[in-house]
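Listed below are the residues making up each chain.
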Amino acid sequence: MKAKAIIFDKDGTLFPYSIWRNPIINFLDTEMPLTKLEKEKKEECIKEFLKIIGFQEDGSINAKGLFIKKNYFSSFFSLVKVTFKYHLNPIKSAVSFLKIKHRCRYGYKEELEKYDFGPLKRILGYMNENGVSLAVFTNDTKESLDIFLSAFGRQYFSFVVDDSSLHTKPSPKTIKDYSLFSKIQEKDMMLFSDNPKDLKMARKAGVGTIVGIDERGERKEMKTLSDYVFPDIISALSFFIS
């Protein structure tokens, strides 16, 4: 591997979005005003909220949902429709839904601990041993990133970006900050992400190699924004270290 530094997106790259499904269900069940609904109606309502967020019934992620698309405006109107359909207080529902940024408090740690990170840890450990600097960039909260790092292992990463950082994604300044910290030029870096905004950020910053992660192979823009596209992080990294 020629890269001297690698930037990883977190959700959808270092682990699949499916890890978030149960924590989000727990969040909806706890925070949304659903107590007056009968069990069957409550389950139906949660399914509809999950659909807005982007989770399909089989547990897979819909690239057009709120989780990936960040389509807050259209999602708001979808949310309002569901509240009226199930006779929920729309104001209370909206206020409660905004707490979704704290979804990591509803079983995220437990889901991470169940996930098999073994193959990924072995590859990242190999990179560490060979002097490759590694970083995690996310728009998630510092609290959520800390939970991930505690479960996965902080020692693998020398630099992180979260929503509390001086510069946040998708600003190319985040990559400049990493370059200054690591003393590695952008052209000697790689970036791995499933988020098109990250790929554009990397291109604008002059990152040497840009790798898209597209689990379902459905997003055509990934091919135009990336130098390479793989279905998952293990196959991507294995290709570059082979």
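This report concerns the structure included in the present document. Note on numbering: residues in each chain are counted from 1, in written sequence order. A pLDDT threshold of at least 70 governs which residues receive local features in this predicted model, and a stricter bar of 80 or more applies before side-chain atom pairs are shown or counted, although totals over entire chains, interfaces and linings include all residues. Just so you know, side-chain values use all the structure's heavy atoms and leave hydrogens and water out.

## A few points about the overall build of the chain
Piece 1. Each helix and strand counted, the chain has 12 helices and six strands in total.
Piece 2. For a compact globule of 242 residues, the expected C-alpha radius of gyration is about 18 Å, and the chain comes in at 19 Å, within 12% of that figure.
Piece 3. Each principal axis of the C-alpha distribution contributes one length, and for the chain these read about 60 × 35 × 35 Å.
Piece 4. Sorting the 242 residues of the chain into buried and exposed places 49% on the buried side.
Piece 5. Whether two residues touch is decided by their heavy atoms; if any such pair falls within 4.5 Å, the residues are in contact. Taking contacts inside the chain between residues at least 6 apart in sequence as the whole, the part at least 24 apart equals 61%.
Piece 6. For the chain, the accessible surface area stands at approximately 12,800 Å², while carbon and sulfur atoms represent 53% of it. The helix and strand labels rest on DSSP assignments: H or I over at least four residues marks a helix, E over at least two residues marks a strand, and numbering proceeds from the N terminus. Here the radius of gyration uses the C-alpha set of atoms, whereas the globule reference equals 2.2 Å times the residue count to the power 0.38. Buried means the residue's accessible area, taken with a 1.4 Å probe over protein chains only, is under 20% of the maximum for its type, while exposed means over 50%, and partly exposed covers the values in between. Using the Shrake-Rupley algorithm and a 1.4 Å probe, accessible areas are obtained, with residue cover drawn only from the displayed protein chains.

## Description of the packing of helix α7 (residues 118-129) against helix α12 (residues 233-241)
Piece 1. Axes here refer to lines fitted to C-alpha atoms; in helices the fit is confined to the stretch in contact. Angles between the N-to-C directions go from 0 to 180 degrees. Orientation of α7 relative to α12, taken along the N-to-C sense of each, is 30 degrees, at an axis distance of 10 Å. Relative to α12, the crossing made by α7 is left-handed. Contacts between α7 and α12 involve Pro119, Leu120, Ile123, Leu124, Tyr126 and Met127 on the former and, on the latter, Ile233, Ile234, Leu237, Ser238 and Ile241.
Piece 2. Here the residues of the contact of α7 with α12 sort into 10 nonpolar, one polar and no charged. Whether a crossing is left-handed or right-handed is set by the direction in which the near helix is turned from the far one by less than a right angle, anticlockwise for left-handed and clockwise for right-handed. Each residue is assigned to one of three groups, with Ala, Val, Leu, Ile, Met, Phe, Trp, Tyr, Cys and Pro labelled nonpolar, Asp, Glu, Lys and Arg labelled charged, and all others, Gly among them, labelled polar.

## As for the packing of aromatic side chains
Piece 1. Working definition: a ring pair exists when centres of Phe, Tyr or Trp rings (six-membered ring for Trp) sit within 6.5 Å. Plane angles under 30 degrees give stacked, over 60 give edge-to-face, the rest tilted. Counted by the stated rule, this structure contains 24 aromatic pairs.
Piece 2. With a centroid separation of 5.0 Å and an interplanar angle of 85 degrees, the aromatic rings of Phe117 and Phe152 are classed as edge-to-face. Separated by 35 residues along the polypeptide, Phe117 in the loop between α6 (108-114) and α7 and Phe152 in helix α8 (residues 142-152) bring together distant segments of the chain. Phe152 carries the same exposure label as Phe117, and that label is buried.
Piece 3. Charge-over-ring contacts are defined here by two conditions on Lys NZ or Arg CZ: a distance within 6 Å of the ring centre and an angle within 35 degrees of the ring normal. Above the ring of Trp20, the side-chain terminus of Arg103 is found at 4.6 Å from the ring centroid.
Piece 4. Directly above the ring of Phe152 sits Lys121, whose terminal nitrogen or CZ lies 5.6 Å from the centroid.

## Observations regarding the pattern of salt bridges
Piece 1. Within this document, salt bridges are pairs made up of a side-chain nitrogen of Lys or Arg and a carboxyl oxygen of Asp or Glu, the two lying within 4 Å of each other. Counting across every chain of the model gives 16 salt bridges.
Piece 2. The partner of Glu113 in a salt bridge is Lys109, with the nearest N and O atoms 2.7 Å apart. Placement of both Glu113 and Lys109 in helix α6 is noted, with a separation of four residues, approximately one turn of the helix.
Piece 3. By relative accessible area, Lys109 is classed as partly exposed at 42%.
Piece 4. Its salt-bridge partner being Lys142, residue Asp146 comes within 3.0 Å of it at the nearest N-O pair. Of this pair, Asp146 and Lys142 both sit in helix α8, four residues apart, roughly one helical turn.
Piece 5. Residue classification places Asp146 among the partly exposed positions, given a relative accessible area of 22%.
Piece 6. On the accessibility criterion, Lys142 (43% relative accessible area) is partly exposed.
Piece 7. Ionic contacts of the salt-bridge type, sharing partners, join the residues Lys10, Asp11, Arg103 and Asp140 into one network.

## Focus: the side chain of Ser93
Piece 1. With respect to the helices and strands, Ser93 occurs in helix α5 (residues 90-97).
Piece 2. With residues near it in sequence (within four places) discarded, Ser93 still touches Met32, Pro33, Thr83 and Leu88.

## Brief notes about the nonpolar core
Generally speaking, nonpolar side chains in soluble globular proteins are found buried as a group.
Piece 1. Throughout, nonpolar core names a set of buried Ala, Val, Leu, Ile, Met, Phe, Trp, Tyr and Cys residues whose side chains join them through atoms within 4.5 Å. Judged by nonpolar contacts, the single largest core of 58 residues is most densely connected at Phe8, Leu28, Phe49, Leu124, Phe148, Phe157 and Phe192.
Piece 2. With six residues, the single largest contributor to this core is helix α2 (residues 39-53).

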